[in-house]
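# Tertiary structure, described
As a plain string of letters, each chain reads:
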Amino acid sequence: MLSSTSRILARRALASNAAMGGVRTMASLEPYEHYGEHCFTGKVADEYLKKHGASGDILKDPTWTQTHSDVVAAAVLDWAVDNGANTYCHWFQPMAASGVRHGLTGQVQNMMMEFDRDTNEVKFDFKGKHLIRGETDGSSFPNGGLRGTHCAGGYLAVDTSSPIFLRGDTIFVPSALISYYGAALDEKTPLLRANAALDKQTNRLLKHLGLDTEKHGGIVANIGLEQELFLVPREEYYRRPDLQFTGRTVIGKNAPRGQEMCDHYMAPLSSATPALACMAEIQEECWKLGIPLKTRHREVAPGQFEFAPLFGSNTTQIDQNLMVMQIIEEVAPRHGLAALLQEKPFNDVNGSGKHNNWSLATADGIQLLLPKAINEASGNEMAFPIIMSAIVAALDSHGDLMRMAIASPGNDFRLGACEAPPAIVSTYLGDDMTAYLENLKDGKALGEYIPGSKLLDLGCKEIMPIEVPAEDRNRTSPFPYGGARFEFRAVGSSQNVSMVNTVLNTITAEKFKEFADAMDAGANPQDVAKDALNKHWRVIFNGDNYDESMQEMLTENGVWRIDSGVEAIHTLTSTKNVELFEKMNVMTKEECAAREVVLHDHYTGSVEMEALTLIDMINQHIIPSVKAAEVGPLSGLEAAVATLKSAVAEIHAADGSYESAKLARELRLETMIDIREVCDSAEEVVPAGLWTLATYKELLFLDTHVGPGLEEIYD
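The structure displayed is predicted, hence computed values, not measured ones.

## Observations concerning empty space enclosed by the protein
- Counted under the stated rule, the structure contains six cavities of 30 Å³ or more.
- Volume-wise, the largest cavity comes out at about 260 Å³.
- Together, 21 residues line the largest cavity, and Ser-98, Glu-187, Gln-495, Asn-496 and Leu-599 are the ones closest to its centre.
- Listed by contribution, the elements that provide at least two residues to the lining of the largest cavity are helix H13 (399–405) and helix H20 (589–629).
- In terms of residue count, the dominant contributor to the lining of the largest cavity is H20 (five residues).
- Of the volumes computed, that of the second largest cavity is approximately 110 Å³.
- Those elements giving two or more residues to the lining of the second largest cavity turn out to be helix H8 (241–246) and H20.
- A per-element tally of the lining of the second largest cavity places H20 first, with four residues.
- Residue classes in the lining of the second largest cavity are distributed as four nonpolar, eight polar and three charged.

Okay, here's the thing in structure tokens:
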């Protein structure tokens, strides 16, 4: 069933098409007063807490879980009832969920009621003890050996850094999941620890540079996440077992048209297809949850789109992004569509990413990566270049961990293509800043770094010259600086980015600590930065990262390069990295080892599903089509089935998760690619009427797809 909002949007679209030639969506509505009404923070929380003698201010202090838990629970209950909710859950993030688990989260939903057995009466029952903690059976979540089979307890604690929210009849309480012995069984717990390390070490460093961050509420790592996706006709999606089970097409002949003409990128969102109404409803749902999903547009590949929100604190943004992904998958079917969030659903057109825009600021808004802001706040014109020098050092020292953090199964097919930066971790700073830091490195005289700008004159009187930054964008860099932020461009679209930001915060905290330790010992801050730049200068690269000769140069210079995602995951347990995480109190040696096992098993499991699905597709679709047509590589297809079965059996027989993952990668990137060519050659010659699988022509081109009109879809 369509939601009332969706029906309103659809009717307005139909009514206005004739009069205006376009769809009027969210801009024609007046929902703005409802923004965040289903998020227990700000005005919403304040209103309900005041009814219980408190205010929204108490939520800013994490100790409310010890001092005001009953008050907050009572207010949340009132808010829930007023909004038609009667259920709550502790909402957490199991490991290794990307690409396989709907919503990437876990929850057990409990009614906020008790039932009197004597009177048979029902009444609401939701107290502080229910809100702040929970216990569940953790036995079937990936754990990598962090608990024994007989130690199944999973304990949940509310994350006070991310607001409680409401959707449907359920209250969602963002929570961390740990074992009985305190080991992190989730994605969130290490991130919260990394945030704490970053806050502590940033304060130490900035005190030497003239700013006491404790007086400004501490340090916050802010992120903004750009979510790419594909929307395909749902009836065709049901004709692709590989899309249903694995999220990507393991076979498929290219359509006669792809993205060669760049005609899809930022083209108008057409009212002739359901995509626009679908995206508008997704935004509407997110709006109520307090998710500022501000931007929507078409992306490069046919059928590909993007949403982008405003930035915010990393824990809140990650929680919101997980809900955005879930909403996308749930709203799409209401519009006759299927949403694909996997990194590479289709061959030979762009895949999808999730650019992780990362910045640092004090809680009251002083931007550490904005030169003027941090220099003025600290009264020290060297504050910004010293901070940047530490980040450069962090990238060079720990590029392996940054590569590990993006080693999702789907990224195998993206990194290094002309859609995502290669698996070589360098950073782009732009010529102006690079020249400035080079002077610092070389001990030359420095003034304050002031970002340059220039005027562009279009040569016509109707348009006045416009001011633009002195630096161009570099979309080929894995980690370019973009003015007040770095953009980690290589992150995969299906990922929970908790590990990405755990790594960024941890490696930065370590370098801030090293700088602060040296300054505590009497070193001059400028000399500390100079030494770091001299040691780590090689990681700065402002050129074309897609240029193979430049890739060779970076590799020869010792910049981290790990082409294999399986090998990147293996770096989690290197001595260097275990020492880093333990030193910064982010993960123990055991937690690092467990995550490596979990991630390798996740990779292997993803490949196995693809291989088994391919076997079914060959046996149940392609071979019968070839036989019916009496044309095509029948013997090659039959041999492919035997090859796939043998490879899966070899993976099962391997000694340990790491060895299994290496075999799985070989199967996926070598054997299955060869078999794909055989399958695609069959599709090329079998008549369309005998080919039972949806083709790229039918999946990718919504604008030219022959299907039901808006009236049929929405009525």
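## Some details on the pairing of strand S10 (residues 295–298)
- Relative to strand S11 (residues 304–308), S10 is paired through four bridges, and the arrangement is antiparallel. Each residue of the ladder has a partner; that of Arg-298, found in S11, is Phe-305.
- The hairpin turn running from S10 into S11, its antiparallel successor, is five residues long, and Gly-303 in that turn takes a positive phi close to 80 degrees.

## Notes on the packing of helix H21 (residues 634–653) against helix H22 (residues 657–685)
- Contact geometry of H21 with H22 gives a least axis separation of 10 Å together with a crossing angle of 170 degrees. Classified by the interaxial angle, the pair formed by H21 and H22 is roughly antiparallel. Facing Gly-636, Leu-637, Ala-640, Thr-643, Leu-644, Ala-647, Glu-650 and Ile-651 of H21, the residues of H22 in contact are Ser-660, Leu-663, Ala-664, Leu-667, Thr-671, Met-672, Ile-675, Val-678, Cys-679 and Ala-682.
- Considered class by class, the residues forming the contact of H21 with H22 number 13 nonpolar, four polar and one charged.

## Digging into the pattern of salt bridges
- As enumerated under the stated definition, the model contains 31 salt bridges in all.
- The shortest N-O distance in the salt bridge between Arg-239 and Glu-698 comes to 3.3 Å. One end of the pair, Arg-239, is in the loop between helix H7 (234–237) and H8; the other, Glu-698, is in helix H23 (residues 696–700), with 459 residues separating them in the sequence.
- A residue is classified by how much of its surface remains accessible, and Glu-698, at 27% relative accessible area, is partly exposed.
- Where Asp-680 meets Arg-676, a salt bridge forms, and the shortest distance between an N and an O atom there is 3.5 Å. Taken together, the residues span about one helical turn, with Asp-680 and Arg-676 both in helix H22 at a distance of four residues. Comparing Asp-680 with Arg-676, the two get one shared label, buried.

## What to know about helix H6 (residues 188–209)
- Here H6 spans 31 Å end to end across 22 residues, near enough to the 32 Å set by a 1.5 Å rise per residue.
- Following H6 by one or two positions, Gly-210 has its phi on the positive side, about 110 degrees.

## What to know about unusual backbone geometry
- In this structure, Met-266 is a non-glycine residue whose phi angle is positive, near 60 degrees.
- Of note, the phi angle at Ala-484 is positive, near 75 degrees, even though the residue is not glycine.
- On the basis of relative accessibility, which here comes to 17%, the residue Ala-484 falls in the buried class.

Rules used throughout
Sequence order as written defines the numbering, with residues in each chain counted from 1. A pLDDT threshold of at least 70 governs which residues receive local features in this predicted model, and a stricter bar of 80 or more applies before side-chain atom pairs are shown or counted, although totals over entire chains, interfaces and linings include all residues. With hydrogens and water excluded, all non-hydrogen atoms of the structure serve as input to the side-chain values. Think of a 1 Å grid over the protein atoms and nothing else: a 1.4 Å probe that fits but is trapped marks a cavity, an open set flanked by protein within 12 Å on at least five of seven lines marks a pocket, and residues with an atom within 4 Å of a point count as lining. Grid points are joined across faces, edges and corners, and a volume is the space filled by probe spheres set on the points. Strands here are runs of E lasting at least two residues and helices are runs of H or I lasting at least four, both read from the DSSP assignment and numbered beginning at the N terminus. The classification used treats Ala, Val, Leu, Ile, Met, Phe, Trp, Tyr, Cys and Pro as nonpolar, Asp, Glu, Lys and Arg as charged, and all other residues, Gly among them, as polar. A pair of strands counts as paired when DSSP detects no fewer than two bridges linking them. Only the stretch in contact is used when a helix axis is fitted, and all axes are lines through C-alpha atoms; the angle between N-to-C directions ranges over 0 to 180 degrees. An angle below 35 degrees is treated as roughly parallel, one above 145 as roughly antiparallel, one from 65 to 115 as roughly perpendicular, and anything else as oblique. Residue contacts follow a heavy-atom distance rule, with two residues in contact if any of their heavy atoms lie within 4.5 Å. Any carboxyl oxygen of Asp or Glu within 4 Å of a side-chain nitrogen of Lys or Arg constitutes a salt bridge here. Buried, partly exposed and exposed residues are distinguished by accessible area as a fraction of the type maximum, computed with a 1.4 Å probe on protein chains only: under 20%, between the cut-offs, and over 50%, respectively. One fewer than the residue count of a helix, multiplied by 1.5 Å, yields its expected span.

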